[in-house]
Amino acid sequence: MKPTYHTNQYPLRGAFRKAPILAFFLALLLIPIGAIAKERVPLKIGATFTSCPECDEIVDAFADIPTPEENDQGAPYLFTNWGYDEGTATHFGAFTTIYQVDFFADGSAISHFIVTAADGSWIAGMNWITPTGEDTSEFVAEFGGDYGEASGRFEGITARVEGGIVFNGDGTADYEAEGTIDNLGRAKKKCHQKRTHSD
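Read on for an overview of the structure. Keep in mind it's a predicted model, so treat the numbers as computed, not measured. (Residues numbered from 1 in each chain as written. Predicted model: local features only at pLDDT ≥ 70, side-chain atom pairs only at ≥ 80, totals over all residues. Heavy atoms only, no water.)

**Considerations on the overall build of the chain**
Right, on to step 1. On a plain count of helices and strands, the chain comes out with four helices and eight strands.
Right, on to step 2. Traced from its N-terminal end to its C-terminal end, the chain shows the element sequence α-α-β-α-β-β-β-β-β-β-β-α.
Right, on to step 3. Looking at the chain as a whole, 32% of its 199 residues are labelled buried.
Right, on to step 4. Residue pairs in contact within the chain that sit at least 24 positions apart in sequence constitute 53% of those at least 6 positions apart.
Right, on to step 5. Looking at the chain as shown, the accessible area adds up to about 12,700 Å², and 57% of this sits on carbon and sulfur atoms. (Helix = DSSP H or I, 4+ residues; strand = E, 2+ residues; numbered from the N terminus. Buried < 20%, exposed > 50% of the residue type's maximum accessible area, 1.4 Å probe, protein only. Contact = heavy atoms within 4.5 Å. Areas by Shrake-Rupley, 256 points an atom, 1.4 Å probe, with all protein chains shown as cover.)

**Thoughts on the packing of aromatic side chains**
Right, on to step 1. Tallying each qualifying case throughout the model produces nine aromatic pairs.
Right, on to step 2. Ring centres of Y77 and F104 lie 6.4 Å apart, and the angle between their planes is 75°; this geometry places the pair in the edge-to-face category. Of this pair, Y77 sits in strand 2 (residues 77-89) while F104 sits in strand 3 (residues 93-104), and the two are 27 residues apart along the sequence.
Right, on to step 3. Accessibility expressed as a relative area gives 26% for Y77, which makes it partly exposed. (Phe/Tyr/Trp six-rings, centres within 6.5 Å; stacked < 30°, edge-to-face > 60°.)

**Quick look at the pairing of strand 8 (residues 172-182)**
Right, on to step 1. Bridge analysis of strand 1 (residues 41-51) against strand 8 gives ten bridges, and the strand direction is antiparallel. Looking across to strand 8, one finds that G46 is bridged to E176.
Right, on to step 2. As paired strands, strand 7 (residues 158-167) and strand 8 are joined by ten bridges and run antiparallel to one another. Among the inter-strand pairings, V166 is bridged to a residue of strand 8, identified as D174. (Pairing = 2+ DSSP bridges.)

**Describing the nonpolar core**
Right, on to step 1. Core analysis: the biggest nonpolar cluster contains 28 residues, and L43, I45, F92, F139, F143, V161 and Y175 have the highest contact counts within it.
Right, on to step 2. Of all elements in the fold, only strand 1, strand 3, strand 4 (109-117), strand 5 (122-131), strand 6 (136-144), strand 7 and strand 8 reach the threshold of two or more residues within this core.
Right, on to step 3. With near-sequence residues (within four places) excluded, Y175 lies in contact with I45, G46, A47, D85, F95, Y99, F139, G164 and I165. (Core = buried A, V, L, I, M, F, W, Y, C linked by side-chain atoms within 4.5 Å.)

**Things to note about the state of the cysteines**
Right, on to step 1. Applying the stated criterion across every chain, the model contains one disulfide.
Right, on to step 2. In this model C52 forms its disulfide with C55; the gap between the sulfur atoms is 1.6 Å. Between C52 and C55, the S-S dihedral sits near 65°, and the bridge is therefore right-handed.
Right, on to step 3. Relative accessible area serves as the criterion here: at 6%, C52 is assigned to the buried category.
Right, on to step 4. Classification of C55 as partly exposed rests on a relative accessible area of 22%. (Disulfide = S-S within 2.5 Å.)

**A word on a negative patch on the surface**
Right, on to step 1. A surface patch of like charges, here negative, comprises E54, D56, E57 and D60.
Right, on to step 2. Take E54: it is sitting in the loop between strand 1 and helix 3 (56-61). (Patch = residues over 30% accessible without salt bridge, like charges linked within 9 Å, V, L, I, M, F, W, Y side chains within 5 Å. Salt bridge = Lys/Arg side-chain N within 4 Å of Asp/Glu carboxyl O. Lys, Arg positive; Asp, Glu negative; His and termini not counted. Charge placed at Lys NZ, Arg CZ, Asp CG, Glu CD.)

**Observations regarding the pattern of salt bridges**
Right, on to step 1. Considering all chains together, one arrives at five salt bridges under this definition.
Right, on to step 2. A salt bridge links R153 to D119; the nearest nitrogen and oxygen atoms lie 2.9 Å apart. Linking R153 in the loop between strand 6 and strand 7 with D119 in the loop between strand 4 and strand 5, this pair joins segments that are 34 residues apart in sequence.
Right, on to step 3. Among the ionic pairs, R160 bridges to E162, the shortest N-O distance being 3.3 Å.
Right, on to step 4. Overlapping salt bridges, with partners in common, bring together E142, R160 and E162 in one network.

Given below as C-alpha cells:
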C-alpha cells in the first residue's frame, strides 16, 4: 500500500510547482520601468516661431497638404501661413522646425510641421491651436505615428506635448511645451544597428 504524502511533509514539491510563476514575477521586477512603459520619457520644448510666407522652400515642403474647408467645429477656413523656428528640446537637442499653419474663423489653427535635429534626423507631426486671449493660445502637438513620418534616430518614436503660445505682434511667437516621448530607446537602438550595418 502506497503511503499518503501531505504537502507540509514535502514543502519543496509545492515550491517547484510554483517556481515558474515566481520566476515570471521576479523577471518583471528586474525589467526597467521604462521598458514596461514602452520607454516613455519626458519631453520639454522651447522655441520662437517666425512667420515667413515668402519662404518658398517651406511652402514647397507642404505642397501635398490639402487646404481644409473648415475645422472639426465647423468654422470656415480663412488663410494659410508658413514659418519656422529654432529651439531646444530634451532628447532632441537643438532643432529647427518648419510649419504650415491653417487658420479658421473661430481663431483656431491647425498646423503641419517637420522638426529637424542637428544630426539631420527629422520627424513630422500636427499641431492644434486654440486661442485663450488676445495674444495667447494653447496647443497640443502630436509627433510621428499616425501624424507624420520620421527618419534617423526619430524613426519609430511618437511624442505628444501641450503648451502655450505668446504672440509678439511682430510676426514672431514664443512657445513652451511639455509632454512625453514613447519608444525613444527602441529608436536609438534601431538607428545604432543601421549605422553598424552600414559600417
